[in-house]
Amino acid sequence: MTDTRNTARSTARRPVLVVGATGKTGRRVAARLRAAGHEVRAASRSGAWPFDWNDRTTWGPALEGVETAYVVPFDPAPVVRPFVEQAEAAGLRRLVLLSGRGIDDPDYLPGDALAGSTLVDAEEAVRSSGLEWTILRPGWFSQNFDEGFLADMVGSGRIGLPAGDGAASFVDAEDIADVAVAALTGTGHAGLIHELSGPRALTLAEVAAEISAATGRTVEYVALPPEEFVAELVGQGVGAEDAEALATTVSPILRGKDAHLSEGVQRVLGREPRAFGEYVRNAVASGAWVGSESVSEKRGTATFTS
Ligand SMILES: NC(=O)c1ccc[n+]([C@@H]2O[C@H](COP(=O)([O-])OP(=O)(O)OC[C@H]3O[C@@H](n4cnc5c(N)ncnc54)[C@H](OP(=O)(O)O)[C@@H]3O)[C@@H](O)[C@H]2O)c1
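In this text the structure is predicted, and so the values were computed from the model without any measurement. (Residues numbered from 1 in each chain as written. Predicted model: local features only at pLDDT ≥ 70, side-chain atom pairs only at ≥ 80, totals over all residues. Heavy atoms only, no water.)

Caption draft 1: Spatial organisation of the site of the ligand. For the ligand, the set of nearby residues contains 29 residues, the closest of which are T22, S44, S46, D75 and N144. Within the contact set of the ligand, an oxygen atom lies 2.7 Å away from a side-chain nitrogen or oxygen of S44. Note that a nitrogen atom of the ligand is positioned 2.9 Å from one of the backbone N or O atoms of W53. Contact with the protein chains hides 94% of the accessible area of the ligand, taken as 880 Å² for the molecule alone. Its residues placed into classes, the shell around the ligand shows 13 nonpolar, twelve polar and four charged. (Near = heavy atom within 4 Å. Polar contact = N/O pair within 3.5 Å; in protein donor to acceptor, adjacent residues only side chain to side chain. Areas by Shrake-Rupley, 256 points an atom, 1.4 Å probe, with all protein chains shown as cover. Nonpolar A, V, L, I, M, F, W, Y, C, P; charged D, E, K, R; others polar.)

See the structure below:
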């Protein structure tokens, strides 16, 4: 599995494809690459370069003339496999795949969880390809609280989740982007899986307390039974299937599967991961959680895709 050959290659002359370039990690990866002088093909449905996982006619143009790609996968369908096959045929050499924690743990998510199964398929497709691949397996992103599906809850002052007293070692998307760019542009990452977390696990009550302290507004955590969580979401107009999928996605926290720490940030970057408190301070400085309008709406960013 491990291939530590020196994979140095001049990637600076060709555009780097970023699939999912408007999302939490993709836009940070794109920004870092541009700052380092790379031309970036920022691909997504609303990105500068039109790309839709559901429209294969958009794949070829995105891949043309590209040797290196960062890929944020599409959880609802197993489309990474055909994309990887097409990418290899089109001349792609190096691919960094965003995956997720727990892919190698059969008990992390129930066996029929769609997001988990498509990520397993995506990982297998990448690993069995002839590409110089690197896989990133982060835990829960800190940015879910201001750019993702939890932003509205934080904005309302109540984080209601079926996570009990469970803790998660939230990882900053800034760190994920730093690791991704190292793998995209550096050497020695081919054939490696980087497991990524923050420096410590926090319960949702601790998260709420950190955000309350930094914003001066009261944000509480309410541990909901899964059925109550689903009923609440359905009452807000979310489809029952999506609500149940979200409860399933949160369930590893409840079952203690997300509290452990991973060493990928330290190994790749030679430094400690950013603390959750630093994320909160940066989010506040950039205008998160101001007024009742959620940051996700203000920035137009996507919510959790599972
Ligand atoms: N969030 C977490 O805590 C977390 C933790 C571990 C793993 N992950 C994994 O990371 C991935 C990203 O999840 P996320 O929720 O954080 O999302 P995200 O990366 O913040 O946003 C999703 C990205 O995918 C793009 N996208 C969505 N549908 C698309 C389509 N049909 N065609 C092309 N692009 C599309 C979106 O751009 P457009 O809307 O412009 O198309 C956006 O750039 C998922 O596979 C998830 O399982 C997430």
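On we go.
Caption draft 2: Quick peek at the side chain of S197. Among the secondary structure elements, S197 is positioned in the loop between β9 (192-196) and β10 (202-203). Exposure remark for S197: the relative accessible area of 0% places this residue in the buried category. (Helix = DSSP H or I, 4+ residues; strand = E, 2+ residues; numbered from the N terminus. Buried < 20%, exposed > 50% of the residue type's maximum accessible area, 1.4 Å probe, protein only.)

Caption draft 3: Spatial organisation of helix α1 (residues 26-35). Along α1, the positions that sit buried rather than exposed are G26, R28, V29, A30, R32 and L33. Among the residues trailing α1, G37 stands out with phi positive, at a value near 95 degrees.

Caption draft 4: Here's a closer look at the pairing of strand β4 (residues 68-71). Judged by which residues are buried, β4 turns out to be covered on both faces: T68 and Y70 on one side and A69 and V71 on the other are all buried. Here strand β1 (residues 16-19) pairs with β4 via four bridges, running parallel. Directly across from V19, in β4, lies its bridge partner V71. As paired elements, β4 and strand β5 (residues 94-98) share four bridges and run parallel to each other. From the neighbouring strand, T68 faces β5, where its bridge partner is R94. (Pairing = 2+ DSSP bridges.)

Caption draft 5: Main features of the environment of E147. Mapped onto the elements of the fold, E147 is located in the loop between β6 (132-138) and α5 (151-156). We classify E147 as buried; its relative accessible area is 1%. Along the backbone, E147 and G157 are ten residues apart, and their C-alpha atoms lie at a distance of 16 Å. Side chain to side chain, E147 and R27 meet in a polar contact 2.8 Å long.

Caption draft 6: Spotlight on the sheet that holds strand β2 (residues 40-44). Strand order in this open sheet of seven strands is β3-β2-β1-β4-β5-β6-β9, and the pairing throughout is parallel. Of all strands in the sheet, those bounded by a partner on one side alone are β3 (49-50) and β9. Across two bridges, the pairing between β2 and β3 is parallel. Bridge pairing in β3 links A43 to W49. α1 contacts β1, β2 and β4 of the sheet and is inclined by roughly 165 degrees relative to β1. Against the sheet, helix α6 (residues 173-185) makes contact with β4, β5, β6 and β9, and its axis sits at roughly 160 degrees relative to β5, the strand it touches most. (Contact = heavy atoms within 4.5 Å. Axes fitted to C-alpha atoms, helices over the stretch in contact; angles between N-to-C directions.)

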